[in-house]
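Coordinates in review
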Amino acid sequence: MAQRSTAEQRGTQTPRRSGKRFLFWAALSGVISGLVFLAAAELFALIFARAASPILAVGGFVIDIVPQPFKEFAIATFGEYDKIALLAGLGLAVVIASAIAGILQLLRPPLGVIALVVAGALSTAAIVTRAGVTALAFLPPVLGTIAGSIIIVLLIRRLTAWKASAVPAAMVDRKGVDRKGEKTEADATDAKPSKALGRRQFFLLAGIAGVSAVIVGIASRTVSMTVGSVATIREALKLPAPKSKVTVPKGAELDIPGLTKLITPNKDFYRVDTALTVPTIDPSTWRLVIDGMVDKRVELSFQDILDMGLDEYAITMTCVSNEVGGGLVGNAMWLGVPLRDVLKKAGVKSGADMVLSKSVDGYTASTPLSALTDDNLDAILAVGMNGEPLPLEHGFPVRMVVPGLYGYVSATKWLTELKITTFEKDEAYWTPRGYSAEAPIKFASRVDTPKVGQAVDAGRIPIAGVAWAQTVGIERVEVKIDEGDWMPATLSAPINENTWVQWFMEWDATPGTHYVAVRAINKNGDTQIEERAPIAPNGSSGWQRSLVRVN
Ligand SMILES: Nc1nc2c(c(=O)[nH]1)N[C@H]1C(S)=C(S)[C@@H](COP(=O)(O)O)O[C@H]1N2
Ligand SMILES: [Mo]
């Protein structure tokens, strides 16, 4: 019994299994061709146009088109790793698609090549429509497509030859006759190819193509990211000393374990942007264009900005995506120049009410003109952050910082253009994506210690945190334990009304679980909004109320 079924398996299953085996090698051929495509594109991108990497351009395109709820889901699920997750997802898509292309090329040539050319055309479109690309940016994806197409044709041709030689000679002959005497691929290569030779030729090419694609791809990407690197230029850059420095009053910083630092170190400063890779801009070639509704179009160099003389500004930045109690808020000492002085160089025409700031990577923000021209508001072009040039991921070499407005409508990083315009005529990146065109920061307070979800020991402990009401200032912070009365907390000495203040209250914590709630009152006498609001369309609201376990 057992022997007969083995014989049956041999007789019927071997041809089918070998057919499946060739499908697998065809899929692998497709994947190798995909890798050759990407690697060649990376290599030519290094030579012709750094910004023309297909995988990054397509990634950037995906970031721009995915619906907002999906973006929020991605950030909630992957957090800081959202971009790595996107790249991993794209990589998987490339592997699957190119495997299918390989199988198509084996079964229905030239469908595999056509699939590759379509993918190449799509990535070329994604690249040339990116902001800030050069005229030669189409070359890397086009040359990559050609390289990938050649490899897929060669690999599948060899695979076909191997397959033909693996099939009984009688079948090949009959097929040849059926096709009106036309010769099969196998016949063309070798009248009687040996199975081993066909296989060896296939694996030789597959191995060489696969290994060189991986080496060339990784090497090109690494060189692109490091050689002549803007990071090195930034390291060597020394900003001139500021004309004026911020005076930090005594008692501005409380010494309480677990409380947020008054000045957020650069490495801890939150980062939010749509840039898949951090733009790298050489300050010596950087230009800021001021155009639109202006008396004259002005172009400023980095040196022009420095020559205006730098001042130091303490400003707390806040992201519209900051949830109640969240960490998307930071306070830094910025070095920069007033935006009103920059705009004066171009002369703003009457009728304008908005400045559309643009980044090299195509990001835009819409800021009310009045927020930038008001003499009493310190809206700046920043070049320095906490005593050093702006970190690359925080907008090097020049960004905007505007007190009182959420980052997405004001804090454009990697700035290249200020277009003076109107809210009616222009809209910014986030406006068609479910966020308000104008968005002042909702003032708020946050508990830093005791930490949410972390038990504390009974006894006298501080409850402490920060509160911000940029441009207005914090008057009072109040804390409520369980169903008790609101009690005033002690505030640190504020640096100015554009920065957050620290606050604390001593608490006799008794064993059990307690609710700790906090709210702020600003210098206009308004109380922080109690009603909860989601981050879209213009920022969260609500009092933070956290459950604290006391042992
Ligand atoms: N070029 C560019 N600038 C940008 C953004 C962006 O996506 N691209 N995001 C904005 C948002 S939403 C915020 S909150 C701040 C964050 O600045 P940071 O990353 O330096 O903290 O930058 C703003 N500037
Ligand atoms: Mo933001």
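Owing to the predicted nature of the structure, the values given are computational and were not obtained by experimental measurement.

Brief notes about the overall build of the protein
The number of helices and strands found in the protein is 13 helices and 18 strands. Relative to its full complement of 551 residues, the protein shows a buried share of 48%. For the protein, the share of sequence-separated contacts (at least 6 apart) that also reach a separation of at least 24 residues comes to 75%. Only carbon and sulfur atoms are counted for the fraction: they give 59% of the accessible area of the protein, which is about 26,800 Å².

Overview of the environment of V501
Residue position: V501 is located in strand β16 (residues 501-509). Using a relative accessible area of 2% as the deciding quantity, one classes V501 as buried. As for V501 and E253, which are separated by 248 residues in sequence, their C-alpha atoms are 8.5 Å apart. Every residue in contact with V501, bar those within four places of it in the chain, is listed here: G465, V466, A467, I474, L491, S492 and P494.

Describing the site of ligand 1
Taken together, 19 residues surround ligand 1, and among them Y270, T274, H394, R399 and K413 come closest. A distance of 3.0 Å separates a nitrogen atom of ligand 1 from a polar backbone atom of A411. When the free accessible area of ligand 1 is taken as 540 Å², the share hidden by the protein chains comes to 99%. Among the residues making up the shell around ligand 1, the classes are represented as nine nonpolar, five polar and five charged.

Some words on the nonpolar core
Burial of nonpolar side chains together is a common tendency in soluble globular proteins. By size, the foremost hydrophobic cluster in this structure holds 87 residues, and its most contacted members are L159, L288, I290, L381, Y408 and L418. With eight residues, helix α1 (residues 2-48) is the largest single contributor of residues to this core. The residues touching L159, leaving out its near neighbours within four places in the chain, are F22, W25, A26, S29, L106 and F202. In terms of nonpolar packing, the next biggest core, distinct from the first, is built from 22 residues, A467, V479, I481 and V501 among them.

Remarks on the sheet that holds strand β6 (residues 364-368)
In any sheet, the strands associate via hydrogen bonds between backbone groups, in a parallel or an antiparallel arrangement. A sheet is described by the order of its strands in space; here five strands give the open sequence β2-β1-β10-β5-β6, paired in mixed fashion. Of all the strands in the sheet, the pair left with one neighbour each is β2 (298-301) and β6. Neighbouring strand axes in the sheet, compared pairwise and without regard to direction, differ in orientation by 20 degrees on average. Note: strand β5 (residues 354-359) against strand β10 (residues 415-421), six bridges, orientation antiparallel. Bridging from a neighbouring strand, M354 pairs with T421 of β10.

What counts, and where the lines are drawn
- Residues numbered from 1 in each chain as written.
- Chains lettered and ligands numbered in written order.
- Predicted model: local features only at pLDDT ≥ 70, side-chain atom pairs only at ≥ 80, totals over all residues.
- Heavy atoms only, no water.
- Helix = DSSP H or I, 4+ residues; strand = E, 2+ residues; numbered from the N terminus.
- Buried < 20%, exposed > 50% of the residue type's maximum accessible area, 1.4 Å probe, protein only.
- Contact = heavy atoms within 4.5 Å.
- Areas by Shrake-Rupley, 256 points an atom, 1.4 Å probe, with all protein chains shown as cover.
- Near = heavy atom within 4 Å.
- Polar contact = N/O pair within 3.5 Å; in protein donor to acceptor, adjacent residues only side chain to side chain.
- Nonpolar A, V, L, I, M, F, W, Y, C, P; charged D, E, K, R; others polar.
- Core = buried A, V, L, I, M, F, W, Y, C linked by side-chain atoms within 4.5 Å.
- Pairing = 2+ DSSP bridges.
- Axes fitted to C-alpha atoms, helices over the stretch in contact; angles between N-to-C directions.

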